[in-house]
Amino acid sequence: MLSVLLFVSFLALIVLGIPVALGLAVSAIVVVVIAGVDMPWFGLFTVQQSFDAAIGKYPLLALPMFILVGSVFDRSGVAQRMVHFAVAIVGRKPGKLPIVVILVAMVLGGISGSGAALAAAIGGVMVASMSRAGYPRPFTATVIGSATAADILIPPSIGFVIYSILMPNTSLPALFAAGMFPGILAGIALMVPAYWLSRRHGLGANEGHEPKPALWPAFKEASWGLVTPVLILGGMRAGWFTPTEAAVVAAVYVLFIGMVVHRTIRLRDLVPIFADAMRISALIMAILGMAAIFSYCVNTMGLTDPVIQWVASLDIGSTMALIVVLLIIAAISVFLDGTSVLMIFVPMLVPIIHQFGWDPILFGVLAMMVMAIGQFTPPMAMNLLVACKVAKTSIEATLPWVPWFIVSFAAATVVVGIWPEIALWLPRVLGYL
Amino acid sequence: APALASYKNEYRLSLPVGPGTTWYQGAENFARLVAEKTDKRINIKVYPGSSLVQGAQDRELTALRQGLIDVLVGTTVNWSGTVKDFNAFSLPFTFPSEKAVDAVLQSDALNQDFYNIVRKAGMEPLASAEYGFIQPINSKRDLRAEQDFKGLKMRVVATPIQQEVMQAFGANPTTMSFADVQAALSTGAVDGLTLTEEQFLVYKFHTAGLKHLTRANLYNELIHFNIANPVWKSWSPEDQEKVREAAKEAAEQMTASVRAAYRSNDAALKAVGVEVVELTPEEQAAWIAATRPVYDKWKKQTNPALIDKIEAAINTP
Amino acid sequence: METLNTTQQRAEPEEHQQQCDAPPRLRWEDWLGAAILALLLIMTFSNVLVRYLSNQSFAWTEEISVFLLLAMTLLGVASTVAANESIRIDFVLNRLGLKGRRAILAITALLGMLVFGLLGLLYAMTGWTEWTYDETTSGMGAPRWIYTIWLTVLAIAVTLRYAQAGWRALKRGEG
Ligand code: NA
Ligand code: NA
């Protein structure tokens, strides 16, 4: 009964438009009080304990740092230089600019931890030139929105930071490494519909008339940004710093590029940049804190046992159960952002993963891929929303294009499910497994 | 006697470790024995992984005082931030041997002085068991003499005592959360850490390249079975007596199985390719001497009178 | 799914330009929160450097970092409430009339006041327990209530920001 109240009241609140953090807190607090009538202060101290403990974790320091990296590199001029370099490689022909967008999103995904910030940065650089080249704005928004969704897979990823904190016995470097090839695979999968749709509908007819930058100078300009992912992953592998510290090192390095190398960031820009990163982090960490109260309720009401029993009673075997769980996550991700999905459901999934003996690293990667699809699936699609804003178009207008990209990304997910080595090979070779 | 109106349907027991450990078995055993002996008037549910406080084990005692936790089965070192006397058993080489552990378990220092401190901290201590010896383990070399520690990056928890002990050996203490350890070992950010042999095997640390274990008996701890004071007072004297019996039985079984496991570890460690170094009495004496300044300093800062009594109990033949 | 105004602002190229030329109005929470984030960056980065140069580490800063993370979260929440930024599903909200919008924003503010007011009260009582029991932190051995008291103050600041937001919603129907 109480568990029904917990979930129904939460859903009702957030559908009405109450912020997710408050929706979690209010539904959980009501349940805590009802269940805690025979406890001192109705057991309400758990509100403060859970909030404190969920946010007061040292490894979580990586979260504001990777968001800071995103805020800084948005203004560092790295995106612009990366596009030049990609165009220099790919060349100028109808259908090539969308591929440039996806390539740049993959490389910059190795710097950025959050897809929405990346969509804003790439959109700011690409929308104008894609319009000039003759791509319709809704198509441009779709390409940017879907390409940046793969950011959550390519390390660093805030999604994996949160997953590793919530899922016992998963190390962050292992997850980072495991996301790399699935992220690249997803990027390639997106190039297929992007190129095919362009050719079929004759998009980008003017692209050939755009200037083509010279390769070597473009490479030199882009090299500072290109080195960043190597620094982050290499430094962790070499034991120079822990994953938590890697986020900090990346932030310092990107600040250095923006302030000293490209000189796009002045001293007085720092306060708004830091304040921006601080606010975005706070929005996410507040959800994390409130979701902890929610999961305390789930935990003490013994809700997970019946759910596990239910899944086990379906008697559908491990593989089917995995597919069912992933489909449920996919359905929820259509309506909720990835981090909220993780924070609410991972604690509940821990026993299910144990029950079926799924590899928590592989499961994390598959869940993250499924969530990434949700980030560009209307109606509620964070990355697509940002891309539409930059491209000055509406979500509705993207509807003819989006399904092709969803199908293609889903196919990449299925491929990783069938050949788990795509995810697990790299972390094993690097010695993380 | 029937359950009194003031009895709760369920009492919540918190501990940081999960199934598969002797510690968890001890807690589960206790819960089962309590239910049996009180004809299910008192039902204890075990919450592993300190899940009632989102895994923040150092907040367990505060949560107990706030009524969120009713039963704690754990080492006091986890709550030493909350009560500084709780460091009393966490100094290096407090227990050089199992005999020393037995002496303390039966001593007035534990059963009167220390238990009174626990009562003042907000809970009724019922019984105590052995935690198991904590040994230094690393990936580089066998540790026999002090100079073997030179240049080793050893992971410690963020408490000053453990850091100072490693510095006393000449190693470089590095603090990191347990979640980061596995990755840090595989990349060489740290070379080793201190663990019980059981933890080493349960967490499969040999896969991270840890090959050298020295049976120095660097630390040991006691695991105490405690009930929150208001909960304890809500029970009838008969039930209190039964719960105390249950705790004593569970504690004795736990000490026994910790020791049984310790004897059987040799084979398990050999099977995963770990070199076990046994120290000679002279070598161990050198280790103890090296950490003596740290011991003295923290004895003074913790509770010198209590630690004097603990030492006396150990040194009485 | 959500209105993350911070990102959206940045998404507008014009506004982006504006932001670089004339920084947006910053509230006290923004200044303090930005300073804390900078401090976290400096502390952690120097820890990496010091460990390399001297084989020492100031691990004791861990508990300060953890406290700063909490303080920063509350400051950021206060700032986002003041700026009407949140992570929410705005599908229904965008399809409501002015009255309905106002009602939901007022309810949001009320719930926010209740949740963070409760949090502030609980922090205050926890701080009191820590003071009476002389609780100290395990890393530095500092009295715990010194940390908790600041979190109490910041939770109250969030509560006041929600009160302000509720006033705005009722008075002018802003959101
Ligand atoms: Na990324
Ligand atoms: Na969606």
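Residues numbered from 1 in each chain as written. Chains lettered and ligands numbered in written order. Predicted model: local features only at pLDDT ≥ 70, side-chain atom pairs only at ≥ 80, totals over all residues. Heavy atoms only, no water.

> Break down the interface of chain A and chain C for me, citing the residues and quoting the values.
Taken together, the contact pairs 76 residues of chain A with 69 residues of chain C. Note on chain A versus chain C: buried area summed over both sides is about 6500 Å², and carbon and sulfur give 75% of it. Inspection of the chain A/chain C interface yields two salt bridges. In this structure, the salt-bridge partner of E85(C) is R279(A), at a minimum N-O distance of 3.4 Å. Taken together, chain A and chain C are joined by four residue pairs in polar contact (both at pLDDT 80 or more). (Contact = heavy atoms within 4.5 Å. Buried area = accessible area lost by both parts, 1.4 Å probe. Salt bridge = Lys/Arg side-chain N within 4 Å of Asp/Glu carboxyl O. Polar contact = N/O pair within 3.5 Å; in protein donor to acceptor, adjacent residues only side chain to side chain.)

> Describe the UniProt feature "transmembrane region" (unreviewed entry) in chain C, listing the residues and the values that go with them.
Within this numbering scheme, the UniProt entry marks residues 31-52, 64-83, 103-125 and 145-163 of chain C as carrying the feature "transmembrane region" (unreviewed entry). Helix makes up 100% of residues 145-163 of chain C and strand 0%. Its end C-alpha atoms lie 27 Å apart. (UniProt positions renumbered as here; feature names shortened; annotations may be inferred. Helix = DSSP H or I, 4+ residues; strand = E, 2+ residues; numbered from the N terminus.)

> Describe the packing of helix α8 (residues 137-149) of chain A against helix α18 (residues 382-391) of chain A, and please don't skip the residues or the numbers.
Residues and elements named next belong to chain A. Here α8 crosses α18 at 145°, and the two axes come no closer than 8 Å. When the axes of α8 and α18 are compared, the crossing they make is right-handed. Residues R137, A141, T142, I144, G145, T148 and A149 of α8 form the contact with α18, whose participating residues are N383, L384, A387, C388 and A391. For the contact of α8 with α18, a count of residues per class yields seven nonpolar, four polar and one charged. (Axes fitted to C-alpha atoms, helices over the stretch in contact; angles between N-to-C directions. Left-handed = near helix turned anticlockwise from the far one by under 90°. Nonpolar A, V, L, I, M, F, W, Y, C, P; charged D, E, K, R; others polar.)

> Account for helix α1 (residues 2-16) of chain A, naming residues and giving values.
The periodicity of an α-helix, 3.6 residues per turn, causes residues three or four positions apart to be oriented the same way. With 15 residues, α1(A) extends 21 Å from end C-alpha to end C-alpha; this agrees with the ideal 21 Å at 1.5 Å per step. Residues of α1(A) that are buried: S3(A), L6(A), F10(A), L13(A) and I14(A). The arc enclosing the buried residues of α1(A), seen along the axis, measures out at 110°, which places them on a common side. Check the buried side of α1(A) and you find it contacts α2 (20-35), α13 (270-300) and α16 (338-356) of chain A together with α6 (98-132) of chain C. Backbone geometry just after α1(A) places G17(A) at a positive phi near 105°. (Expected span 1.5 Å × (residues − 1). Buried < 20%, exposed > 50% of the residue type's maximum accessible area, 1.4 Å probe, protein only. Arc of directions from axis to C-beta.)

> Can you tell me about the interface of chain C and chain B, naming the residues and giving the values?
Counting residues at the interface gives 17 residues for chain C, matched by 19 residues for chain B. Across the interface of chain C and chain B, roughly 1500 Å² is buried in total on both sides, 41% from carbon and sulfur atoms. For the interface between chain C and chain B, the tally reads two salt bridges. Residue E135(C) pairs with R65(B) through a salt bridge whose shortest N-O separation is 2.4 Å. Taken together, the links from chain C to chain B amount to four residue pairs in polar contact (both at pLDDT 80 or more). Examining the composition of the side of chain C that touches chain B, we find that three residues originate from one element, α6(C), more than from any other. Across the side of chain C that touches chain B, the residue classes tally to two nonpolar, nine polar and six charged.

> Please set out the side chain of T300(A) residue by residue, giving values where relevant.
Within the secondary structure, T300(A) sits in helix α13. According to the relative accessible area criterion, T300(A) is buried, its value standing at 14%. Not counting residues up to four positions away in its chain, the partners in contact with T300(A) are R12(B), Y47(B) and L52(B).

> Describe the sheet that holds strand β2 (residues 44-47) of chain B, and please don't skip the residues or the numbers.
Pairing between the strands of a sheet comes from backbone hydrogen bonds, and it takes one of two forms, parallel or antiparallel. Residues and elements named next belong to chain B. The five strands lie next to each other as β2-β1-β3-β10-β4, forming an open sheet whose pairing is mixed. Taken across any chain shown, the strands that pair with only one partner, and hence form the sheet edges, are β2 and β4 (123-130). Here the average twist between neighbouring strands, direction ignored, is 20°. Here strand β1 (residues 11-14) pairs with β2 via four bridges, running parallel. Bridging from a neighbouring strand, R12 pairs with K45 of β2. Most of the contacts of helix α1 (residues 22-37) go to β2, to which it runs at about 165°, and overall it touches β1, β2, β3 (71-75), β4 and β10 (222-228). The sheet contacts of helix α4 (residues 108-120) involve β4 and β10, and relative to β4 the element is tilted by about 130°. (Pairing = 2+ DSSP bridges.)

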